[in-house]
Each structure stands twice: as C-alpha cells, then as structure tokens.
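Next come the chains, spelled out residue by residue.
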Amino acid sequence: MDEIYSLHDSFGKCGIAYDCIYLCDLPKCDLSRYKLIIFANTYCLNDSQKRYIKSYINDKTVVWLYAPGFCDEKKLSTDFITDLTGMKISVVKNEDAYIVNDNSELVELKPERFDPMFCIQDETAIPIGFYKNSRECAAACKDNVWYFTAPVIS
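**What about the overall build of the chain?**
- When helices and strands are counted, the chain shows three helices and nine strands.
- The helix and strand sequence of the chain, counted from the amino end, reads α-β-α-β-α-β-β-β-β-β-β-β.
- Counting only residues that meet the buried cut, the chain has 43% of its 154 residues in that class.
- Residue pairs in contact within the chain that sit at least 24 positions apart in sequence constitute 59% of those at least 6 positions apart.
- Total accessible area on the chain is roughly 9,100 Å²; 51% of this is exposed by carbon and sulfur atoms.

Right under this line is the structure:
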C-alpha cells in the first residue's frame, strides 16, 4: 500500500491543485470542475460503479493504473479492464519487470508484489511504454484515456 500513497507525495510536489477522492465518495463530487481523473486503486468495481464512472468521464482525461475493474465482485477478467480503458488487454509473464519509456529510462517494478501483470494489445492505441524483456506494450494512450499497466508510475 505504501506505493499507492507515494502518489499523494508526488502530487503534492508537482505544484498543481488536486483532490484525493475515495471511490465511494465519487458520486458526491461535482466532477465538472476536473479535467483529469486518475484512478489509482480500482481493482474491484461492481457494475453500478462502472456505469457511474463511464457516464462522468467522457469529456475528461482519464489515467488508469494497473488493473482497473479486473474484479467485478464475482470473477476476474481482463475483459473488464478492456471495457473501462477501451484498450485490448492480456496477461503478460511476470518476469518482465521493467518498463522502458521512449527515453530508454527504466522504471523498476517489483514483480513478486503484483501478479498478474498485463500488456496492451490494441493496434489503435499509441504505445508510450514497454516491458524490457518482451517489448510488450506496458503503457498506452487512446483518445482521452491513458493506461499504465504498472500499479504505480513515477
């Protein structure tokens, strides 16, 4: 969990105003004020939550991290991630534990802590990061959606 909370530190240091909102509080918020929404810990989303999120993010830039909606409270499926991100997703071997961005910088992941890991297999998405060993797509953008298969981004 410390990795997720490190995002708060990063936001606080970047010089922008931001709000941290729990998923259960999202319907209480006026989302019209926001241009960017980052979903950092949404591994389990029920159908009602997914519908609500989809209805309010159309005109926003959205960043999804790791496994958004991978669980629907009944089962696990990469189809759920595809549905939320709009990008075709599949499982990748966990030993590919580094992401290489366009600047050839390595972002180290701890594979023993995150299983499964995912890759993006969508020809209509623009790749922005890759796994080092397999060169599978690890981060991409499509329209107003950015998806990072890593649980935490720097």
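There's plenty left to go through after this.
**Digging into the pattern of salt bridges**
- Going through the model one piece at a time under the given rule, you end up with five salt bridges.
- Between D19 and R33 there is a salt bridge, with its nearest N and O atoms 2.9 Å apart. Placement of the pair is D19 in the loop between helix 1 (2-13) and strand 1 (36-39) and R33 in the loop between helix 1 and strand 1, with a sequence separation of 14 residues.
- Judged by relative accessible area, D19 falls into the partly exposed class, the value being 42%.
- The exposure class assigned to R33 is exposed, which follows from its relative accessible area of 56%.

**Structural notes on unusual backbone geometry**
- A positive phi angle, close to 80°, is found at E73, a residue other than glycine.
- Along the chain, E73 turns up in the loop between strand 2 (61-65) and helix 3 (78-85).

**Examining the environment of K88**
- Locating K88 in the fold gives a position in the loop between helix 3 and strand 3 (89-92).
- Put simply, K88 and Q121 are 33 residues apart on the chain and 5.3 Å apart in space, counted from C-alpha to C-alpha.

**A look at helix 2 (residues 47-56)**
- Of all the residues in helix 2, the buried ones are K50, Y52 and I53. Taken down its axis, helix 2 places every buried residue within 165° of arc, on the same side.
- Packed against the buried residues of helix 2 are strand 1, strand 2 and helix 3.
- The N-cap residue of helix 2 is N46: its side-chain oxygen and the backbone nitrogen of S48 are 3.1 Å apart.

**Describing helix 3**
- Here helix 3 has its buried residues at T78, F80, I81, L84 and T85. One side of helix 3 carries all its buried residues, which in axial view fall inside an arc of 155°.
- Those residues of helix 3 that are buried lie in contact with helix 2, strand 2, strand 3, strand 6 (117-120) and strand 9 (145-148).
- One or two residues past the end of helix 3 sits G86, with phi positive at roughly 80°.

**Focus on the pairing of strand 1**
- Only one face of strand 1 is covered, namely the one carrying I37 and F39; the face carrying L36 and I38 has none of its residues buried.
- Inspection of the sheet shows strand 1 paired to strand 2 by four bridges, in the parallel sense. For F39, the partnering residue across the bridge sits in strand 2 and is W64.

**Focus on the packing of aromatic side chains**
- Evaluated as defined, the whole model comprises five aromatic pairs.
- Ring centres of F39 and W64 lie 4.3 Å apart, and the angle between their planes is 15°; this geometry places the pair in the stacked category. Within this pair, whereas F39 is found in strand 1, its partner W64 is found in strand 2, the two being separated by 25 residues in sequence. This pair shows no difference in class: F39 is buried, exactly as W64 is.
- Their ring planes at 70° and their centres at 5.1 Å tell us that F70 and F118 sit as a pair that is edge-to-face. Taken together, the residues F70 in the loop between strand 2 and helix 3 and F118 in strand 6 connect sequence positions 48 residues apart.
- Three or more aromatic residues joined by ring pairs make a cluster, and in this case those are Y43, Y66, F70 and F118.
- If you follow K50 out to its NZ or CZ, it ends over the ring of F80, 3.9 Å from the centre.

Cut-offs applied
Residues numbered from 1 in each chain as written. Predicted model: local features only at pLDDT ≥ 70, side-chain atom pairs only at ≥ 80, totals over all residues. Heavy atoms only, no water. Helix = DSSP H or I, 4+ residues; strand = E, 2+ residues; numbered from the N terminus. Buried < 20%, exposed > 50% of the residue type's maximum accessible area, 1.4 Å probe, protein only. Contact = heavy atoms within 4.5 Å. Areas by Shrake-Rupley, 256 points an atom, 1.4 Å probe, with all protein chains shown as cover. Salt bridge = Lys/Arg side-chain N within 4 Å of Asp/Glu carboxyl O. Arc of directions from axis to C-beta. Polar contact = N/O pair within 3.5 Å; in protein donor to acceptor, adjacent residues only side chain to side chain. Pairing = 2+ DSSP bridges. Phe/Tyr/Trp six-rings, centres within 6.5 Å; stacked < 30°, edge-to-face > 60°. Lys NZ or Arg CZ within 6 Å of the ring centre and 35° of its normal.

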